[in-house]
Amino acid sequence: KAGYRFGLPSLLLFLVAGMLFGSDGFGLQFNNMHHAQFIGMIALCIILFTGGMETKIKEIKPVLGEGLALSTVGVLLTTVLTGLFIFALSEWDMVPISLPLVTCILLAATMSSTDSASVFNILRNSKMKLKNNLQPMLELESGSNDPMAYILTIVLIQIANSLSGTGTGEIDAWAITADAVKTFFLQFGVGILAGVVMGYFAVWVLNKIHLTNTPLYAIMLLSIVFFTFTVTTKLLGNGYLAVYLAGVILGNHKIAFRKEIFSFLDGMTWLVQIVMFVTLGLLVNPHEMLKVAPVALLIGIFMMLVGRPLSVFLTLAPFRKVSTASKTYISWVGLKGAVPIIFATYPVIDNVEGSSLIFNIVFFITLLSLMIQGMTITSFANRLHLSLPVPE
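Quick notes on the rules
- Residues numbered from 1 in each chain as written.
- Predicted model: local features only at pLDDT ≥ 70, side-chain atom pairs only at ≥ 80, totals over all residues.
- Heavy atoms only, no water.
- Helix = DSSP H or I, 4+ residues; strand = E, 2+ residues; numbered from the N terminus.
- Buried < 20%, exposed > 50% of the residue type's maximum accessible area, 1.4 Å probe, protein only.
- Polar contact = N/O pair within 3.5 Å; in protein donor to acceptor, adjacent residues only side chain to side chain.
- Contact = heavy atoms within 4.5 Å.
- 1 Å grid on protein atoms, 1.4 Å probe; cavity = no way out; pocket = protein on both sides within 12 Å on 5 of 7 lines; lining within 4 Å.
- Points joined across faces, edges and corners; volume = space filled by probe spheres on them.
- Nonpolar A, V, L, I, M, F, W, Y, C, P; charged D, E, K, R; others polar.
- Axes fitted to C-alpha atoms, helices over the stretch in contact; angles between N-to-C directions.
- Parallel < 35°, antiparallel > 145°, perpendicular 65-115°, else oblique.
- Left-handed = near helix turned anticlockwise from the far one by under 90°.
- Phe/Tyr/Trp six-rings, centres within 6.5 Å; stacked < 30°, edge-to-face > 60°.
- Core = buried A, V, L, I, M, F, W, Y, C linked by side-chain atoms within 4.5 Å.

Here we look at the side chain of T269
Move 1: Inspection of the secondary structure puts T269 in helix α13 (residues 258-283).
Move 2: T269 sits in the buried class, given a relative accessible area of 10%.
Move 3: Among the polar contacts listed, one links the side chain of T269 to the backbone oxygen of L265, at a separation of 2.7 Å.
Move 4: The residues contacting T269, other than those within four sequence positions of it, are I46, I47 and T50.

Here you go:
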């Protein structure tokens, strides 16, 4: 209620609540990265699946090319541009960090995607309609760009550990490239195939099975979501992409007890978002985060004002129909949230050199993004004349 009253993203308040009750606040001890990552995976499955179900194919069709370009090429460009900036910053004597190039690009990769939880939550609760099909484009981007960021993060962790493991700073470039290409195609190929197959399977099951209790339909669907994620991951595909696609397919077909299922998933989405953000808030130690605040502030400002806008304008350059105002707004809605923080736990768990620095910088930039970008989404749309009055 306070968030709506003062224009604060509600998820930011739960993140701050976690920090308040954590080790530097009321003293609740929680520092298990594995548990936090597991909670994050469960939450993201439900958030992405629900977001997929609420995505209308007829709405995203006109912006399918733009959305997919942003979720792949856009993420890659953001990673490269921000990574090079961080490396240049670490080479500067005035800055108290010194990271190798691969680690700098890894840091950029963890926060290269927009956060689906934050984007879905803010756009759908802002009581605002956007011109030029911007809302479906932004939701499509945020729902489908996590796989690219995940792939980049995993590949760069492998490279960073290979470099530190050799001791000589030399790696087999061909082997790394081959592994990266293999990972890329497996993640996307298996992820898309599994998502489509499980999506149609879920439609068939929901319409054919006859359960005695209506609430069991939603619970059964939830089990299918987790099954989809697990099997896809075991087959080396991207589980997040699979559950999102399954959600899109299911949401665009006639299914039994649709209203009850949507109501259940909406409540579950809110619950897992709150749990995830409170958990991630507990995970951080604010005194450690404040040590990297000046550097993180510079990186965050670069991402918001240079890295993200430049990658958006370059990615959307072939799409002549997208206006400059629309590109500017898309650049601004590069919201960070739980996803970058969860991705930042991967280097910590894999013991990448400088991983604690990565985690604290990502957490600070997430707070910065939610406060600055999250609070100005509506006013920025009005300023660019991209908002429409919501019908009563």
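Some details on the layout of surface pockets
Picture a little ball the size of a water molecule; that probe, rolled over the atoms, points out where space is still empty.
Move 1: When its volume is computed, the largest pocket comes out at roughly 440 Å³.
Move 2: Lining of the largest pocket is provided by 19 residues; of these, L64, L68, L140, Y244 and L245 occupy positions nearest its centre.
Move 3: In terms of residue count, helix α12 (residues 239-251) provides more of the lining of the largest pocket than any other element does, five residues in total.
Move 4: Residue composition of the lining of the largest pocket, grouped by class: 14 nonpolar, four polar and one charged.

So, the environment of L367
Move 1: With respect to the element layout, L367 can be found in helix α18 (residues 355-372).
Move 2: Taking the C-alpha atoms as reference, L367 lies 17 Å from D24; in sequence the two are 343 residues apart.
Move 3: Apart from residues no more than four positions distant in its own chain, L367 is found in contact with L12, L15, M19 and M289.

Points about the packing of helix α2 (residues 10-21) against α13
Move 1: The geometry of α2 relative to α13 is characterised by a closest axis approach of 6 Å and an angle of 40° between their N-to-C directions. It follows from the interaxial angle that α2 and α13 lie oblique. Of the two possible hands of crossing, α2 and α13 adopt the one that is right-handed. Across the interface between the two elements, S10, L11, F14, L15, G18, M19 and F21 of α2 pack against W270, Q273, I274, F277, V278, L280, G281 and L282 of α13.
Move 2: Looking at side-chain class alone, the contact of α2 with α13 contains eleven nonpolar, four polar and no charged residues.

Some words on the packing of helix α5 (residues 64-90) against helix α15 (residues 293-315)
Move 1: Relative orientation of the contacting elements α5 and α15 amounts to 140°, with a least axis distance of 9 Å. In terms of orientation, α5 lies oblique with respect to α15. For the crossing formed where α5 meets α15, the hand is right-handed. Of the residues in α15, those touching α5 at A69, L70, V73, G74, L77, T78, L81, T82, F85, I86 and L89 are V295, L298, I299, F302, M303, G307, L310, S311, V312, L314 and T315.
Move 2: For the contact of α5 with α15, the residue count by class is 16 nonpolar, six polar and no charged.

A closer look at the packing of aromatic side chains
Move 1: Here the structure, examined in full by the defined rule, presents 14 aromatic pairs.
Move 2: When the ring of F21 is compared with that of F26, the centres are 5.1 Å apart and the planes differ by 70°; the resulting orientation is edge-to-face.
Move 3: Judged by its relative accessible area of 43%, F21 falls in the partly exposed class.
Move 4: On the basis of an interplanar angle of 80° and a centroid distance of 5.7 Å, the ring pair of Y150 and Y346 is categorised as edge-to-face.

Looking at the nonpolar core
Move 1: L221, L250, I261, M276, I299, Y329 and F363 are the most contacted members of the largest nonpolar core, which has 115 residues in total.
Move 2: The biggest single contributor to this core is helix α9 (residues 146-166), with eleven residues.
Move 3: Among all residues touching L250, those that are not within four sequence positions of it are F49, M53, G199, A202, V203, L206, L221, I255 and R258.

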